[in-house]
Protein chains: 2
Amino acid sequence: MADAADELSLVFRALADPTRRAMLSRLHRGPATVGELAEPFAMSRPAISQHLAVLERAGLIERTVTAQWRTCTLRTGPLDDASDWVERHRGEWNERFDLLDEQLRRMRGGTP
Amino acid sequence: MADAADELSLVFRALADPTRRAMLSRLHRGPATVGELAEPFAMSRPAISQHLAVLERAGLIERTVTAQWRTCTLRTGPLDDASDWVERHRGEWNERFDLLDEQLRRMRGGTP
DNA sequence: TCATTAATTAAGGAGCTGCTTACATGGCGG
DNA sequence: CCGCCATGTAAGCAGCTCCTTAATTAATGA
């Protein structure tokens, strides 16, 4: 299958690469051109372009053309969705609830 | 390359699939056996096992053997790391800061 | 003991990722 | 106008992902 066509999967997949996360971290401190973003990485320009395409497809950056430079800007909207999902699934509150549930199951008998 | 060997990449990668996210959502309401987790999906058991292996490798679940059942339990620790990263990179505060930075660059002259 | 149940491992295939080199596009300065 | 500059596109390749079917392990209970 490997669908992952849905919005949230695109975002998480885009975040699942150290190079792309580093790019977002850089953009977090202000917009940058492709050349500026490429500088820290020992990687060909096409590879950089492809990483940026992944980020753009996930809606995490925006590329605006000015002269012969492409200025990349961070878009944090999709990160809100990702954050919502993660926040909904973590925290000690729920962990304790799970442990309680497990205890109850065990008390009810061996077969779940 | 496709390294993604680091902890955070493993977690984001694990979250980048709707099936695995649904499994975590189910586990969020309490532990479950592999059979219970497999039930909602039109997918072979080995496929389920492989998804669970991905989640386990990312540290998001724990599998304990009781008789012939494997009980899966959610582990929210790695989600904290993911949440930290996302939280550090989102929010209107930073977005506004980026826009200001962009304005300043434009005022300083055409070439970045 | 032996069939049943629960799950994993093994092997293989279609398709995607992430990188490369080579070439194309398009604005800019001389 | 023409050769630089910054970037993108094309094509190709190794390796990974996600799924499948078939065989395997391991515990249960008549």
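Residues numbered from 1 in each chain as written. Chains lettered and ligands numbered in written order. Predicted model: local features only at pLDDT ≥ 70, side-chain atom pairs only at ≥ 80, totals over all residues.

A short note on the protein's contact with DNA strand D
Thr33, Gly35 and Pro46 of chain A together with Ser44 and Pro46 of chain B are the nearest of the 25 residues found near DNA strand D. Taken together, the elements giving at least two residues each to the surface near DNA strand D come down to helix H3 (34-38), helix H4 (45-57) and strand E3 (69-74) of chain A together with helix H4 (45-57) of chain B. Looking at the surface near DNA strand D, the element that brings in the most residues is H4 of chain B, giving five residues. Each residue belonging to the surface near DNA strand D can be placed in one class, and the counts come to 12 nonpolar, nine polar and four charged. (Near = placed C-beta within 6 Å. Helix = DSSP H or I, 4+ residues; strand = E, 2+ residues; numbered from the N terminus. Nonpolar A, V, L, I, M, F, W, Y, C, P; charged D, E, K, R; others polar.)

Remarks on H4 of chain A
Residue and element names in this part refer to chain A. Here H4 is 13 residues long and its end C-alpha atoms lie 18 Å apart, about the 18 Å a rise of 1.5 Å per residue gives. His51, Leu52 and Leu55 are the residues of H4 that are buried. Along the axis of H4, the buried positions cluster into a sector of 100°, meaning they face one direction only. Within H4, the exposed residues directed more than 90 degrees away from the buried face are Pro46, Ser49, Gln50 and Ala53. Remark: Gly59 follows H4 within two positions and exhibits a positive phi of approximately 75°. (Expected span 1.5 Å × (residues − 1). Buried ≥ 20, exposed ≤ 12 C-beta atoms within 10 Å, placed from the backbone. Arc of directions from axis to C-beta.)

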